[in-house]
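Summary of structural features
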Amino acid sequence: MPGITPSQTVGPFYAYGLTPNGEYAWNDAFTNNLLTPDVTGDKIRIEGVIYDGDGKVVPDAVLEIWQADAQGRFADPQDTRGLPNSSFRGFGRSGTTDAGEYSFDTVKPGAVPGHDGKPQAPHIVMAVFGRGMTMQSMTRIYFEDEAANASDAVMNLVPADRRATIIAKKTAPGVYRFDIHLQGDNETVFFDV
Amino acid sequence: MTLIYPVESNAAHAPRLSPGYKSTIKRAPQKQRILMPHTLSETTGPVYGHETVRPGDHDLTTMHAGEPLGERIIVHGTVMDEDGRGVPNTLVELWQANACGRYVHVWDQHPAPLDPNFTGAGRTVTDAAGNYKFVTIKPGAYPWGNHHNAWRPAHIHFSVFGHSFVSRLVTQMYFPNDPLFPFDPIFNSVTDEKARLRMVSDFDLDVTEPGWALAYRFNIVLRGRNATPTENH
């Protein structure tokens, strides 16, 4: 059996290929706006800043998210429970600005089953790529206004004093803040998946 | 068929902290990663519509008024899983420097010319057998600031999806026998030699088109294997 192809850094110059955003002679396959005209559920914005080990912002990261729709269904036939009844695809990609900022416009996901069949707390999975990162680091975005966080099986694998790093804070109606710290006392929890 | 994604396969990857590649020092997460069971959130992934890839997006030499300068090449291969099965209908994106080693990116200050006929980005979707094909220009080597007289070997950046969010791969494809290999800390961040060499394409005379373009084969192996092997049948 062949071994897998190793990852290499996305490097500093990915933008014209992955996130051209109208600045280059290339079109976006994905954007940071996951909303579709027909999507149902609570529309939310997730925004934040990514920091390195010196507390400096990271202006050349790429963040990708994958999530279920508001009814907890993935737009992938491998989720055999049934597909979304909208054109919501659940995948988004954002570069970061010179100030290290990113954002996503999406819907708050519904609960999906965990490995034990019990519902997980609503969450979004996120891959963090960047210059100086040999491969993506995987985290999860949970929401502070979800009581189900307390019983979430994955959340409970995380030491209690680190859980706050993966819980987005509600800063305004429909707006959540999720900062990412690659290192330091507040290093974001990353998962071995 | 249900695929599983053993975390052990990740051993092929570079360590996140690879001090020779200096930018990793302040950017590699340092705390213990949390091992977790995969759920639907990890074992599903995006599906692409016809709007994602347009006809011609695989040919980087025909996107402008004229042909780009440099050596025209064909880059092709098969995207497969860890059992060697082709991964059909999966998105492959690439981006690269031009023949002079200059990226169109606004931050790239390398004093080499831009080519008005070359952007350097492309994408395609694999066919039913997992095969893909691009037409492009052989990228040039270029200097970078990691250490004195640092040069990146010629490479093409690849972004591939696969069957799930955990099979997602961003990597770089290299060209055979590049003299810069021993000196490049990014290439050598992958410490397992066999794994490292899987990032090097093979010259492919069979697919080389007479009088037109050399071909290179770059197979890409993503995570994912059958949960119930059938070797005993």
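The rules we used
Residues numbered from 1 in each chain as written. Chains lettered and ligands numbered in written order. Predicted model: local features only at pLDDT ≥ 70, side-chain atom pairs only at ≥ 80, totals over all residues. Heavy atoms only, no water. UniProt positions renumbered as here; feature names shortened; annotations may be inferred. Core = buried A, V, L, I, M, F, W, Y, C linked by side-chain atoms within 4.5 Å. Buried < 20%, exposed > 50% of the residue type's maximum accessible area, 1.4 Å probe, protein only. Helix = DSSP H or I, 4+ residues; strand = E, 2+ residues; numbered from the N terminus. Contact = heavy atoms within 4.5 Å. Buried area = accessible area lost by both parts, 1.4 Å probe. Salt bridge = Lys/Arg side-chain N within 4 Å of Asp/Glu carboxyl O. Polar contact = N/O pair within 3.5 Å; in protein donor to acceptor, adjacent residues only side chain to side chain. 1 Å grid on protein atoms, 1.4 Å probe; cavity = no way out; pocket = protein on both sides within 12 Å on 5 of 7 lines; lining within 4 Å. Points joined across faces, edges and corners; volume = space filled by probe spheres on them. Nonpolar A, V, L, I, M, F, W, Y, C, P; charged D, E, K, R; others polar. Pairing = 2+ DSSP bridges.

- Looking at an unreviewed UniProt entry, chain B carries the name Protocatechuate 3,4-dioxygenase subunit beta, with the source organism given as Tardiphaga robiniae.
- We quote the UniProt Sequence similarities (unreviewed entry) comment for chain B here in full: "Belongs to the intradiol ring-cleavage dioxygenase family."

1. Details of the nonpolar core
- Met-126, Val-128, Phe-178, Ile-180 and Phe-191 of chain A are the most contacted members of the largest nonpolar core, which has 72 residues in total.
- Only α1 (15-18), β1 (43-51), β2 (61-66), β4 (101-107), β5 (123-130), β6 (137-143) and β7 (167-172) of chain A together with β4 (91-96) of chain B provide two or more residues apiece to this core.
- Here the element with the most residues in this core is β5 of chain A; it accounts for six residues.
- Apart from residues lying up to four places away in sequence, Met-126 of chain A is in contact with Leu-63, Glu-64, Ile-65, Tyr-102, Phe-104, Ser-137, Met-138, Thr-139, Ile-141, Phe-178 and Ile-180 of chain A together with Phe-165 of chain B.
- Among the nonpolar cores identified, the runner-up in size contains 22 residues, and Leu-94, Leu-169, Phe-175 and Tyr-216 of chain B belong to it.

2. Here's the deal with the interface of chain B and chain A
- Of the residues lining the interface, 91 residues belong to chain B; the matching set on chain A comes to 78 residues.
- Buried area between chain B and chain A, summed over both chains or domains, comes out near 7,200 Å², and the portion from carbon and sulfur atoms is 59%.
- Considering only the surface of chain B that becomes buried against chain A, Arg-27, Ile-34 and Phe-165 of chain B emerge as the three largest contributors, covering 12% of it.
- Here Arg-140 of chain A and Glu-42 of chain B are joined by a salt bridge, their closest N and O atoms 2.8 Å apart.
- Between chain B and chain A we count 44 residue pairs in polar contact (both at pLDDT 80 or more) in total.
- Secondary-structure elements contributing two or more residues to the side of chain B that touches chain A are β2 (34-35), α1 (40-43), β4, β5 (121-125), β9 (155-160), β10 (169-174), α2 (193-197) and β13 (220-221) of chain B.
- In terms of residue count, β10 of chain B provides more of the side of chain B that touches chain A than any other element does, five residues in total.

3. Comments concerning the side chain of His-157 of chain B
- If you trace the backbone, His-157 of chain B turns up in strand β9.
- On the basis of relative accessibility, which here comes to 3%, the residue His-157 of chain B falls in the buried class.
- A distance of 3.0 Å separates polar atoms of two side chains, one belonging to His-157 of chain B and the other to Tyr-103 of chain B.
- For His-157 of chain B, the side chain forms a polar contact with the side chain of His-155 of chain B, separated by 3.2 Å.
- If we skip the residues at most four places from it in the chain, His-157 of chain B touches Thr-9 and Val-10 of chain A together with Glu-93, Leu-94, Trp-95, Tyr-103, Thr-171 and Gln-172 of chain B.

4. Regarding empty space enclosed by the protein
- Overall, the coordinates contain four cavities of 30 Å³ or more when judged by the stated rule.
- By volume, the largest cavity is sized at about 40 Å³.
- Along the walls of the largest cavity sit Val-125, Met-138, Thr-139, Arg-140, Phe-191 and Val-193 of chain A together with Met-36 and Glu-42 of chain B, which together make up its complete lining.
- If you tally residues by element for the lining of the largest cavity, the top one is β6 of chain A, at three residues.
- Here the residues of the lining of the largest cavity are counted per class, giving five nonpolar, one polar and two charged.

5. Some words on the layout of surface pockets
Residues and elements named next belong to chain A.
- A volume near 540 Å³ is recorded for the largest pocket.
- If you trace the largest pocket, you find 26 residues lining it, with Thr-19, Asn-21, Glu-23, Gly-95 and Thr-96 closest to the centre.
- Sorting the residues of the lining of the largest pocket by element identifies β3 (91-95) and β4 as the ones contributing at least two each.
- Across the lining of the largest pocket, the residue classes tally to ten nonpolar, ten polar and six charged.

6. Quick word on the pairing of β9 of chain B
Residues and elements named next belong to chain B.
- Most of β9 is tucked away, with six of its six residues classed as buried.
- Here β9 shows a buried face lined by His-155, His-157 and Ser-159 and a second buried face lined by Ile-156, Phe-158 and Val-160.
- By the bridge criterion, five bridges tie β4 to β9 in an arrangement that is antiparallel. Bridging from a neighbouring strand, Leu-94 pairs with Phe-158 of β9.
- Bridge analysis of β9 against β10 gives six bridges, and the strand direction is antiparallel. Note that in β10 the partner of His-155 across the bridge is Tyr-174.

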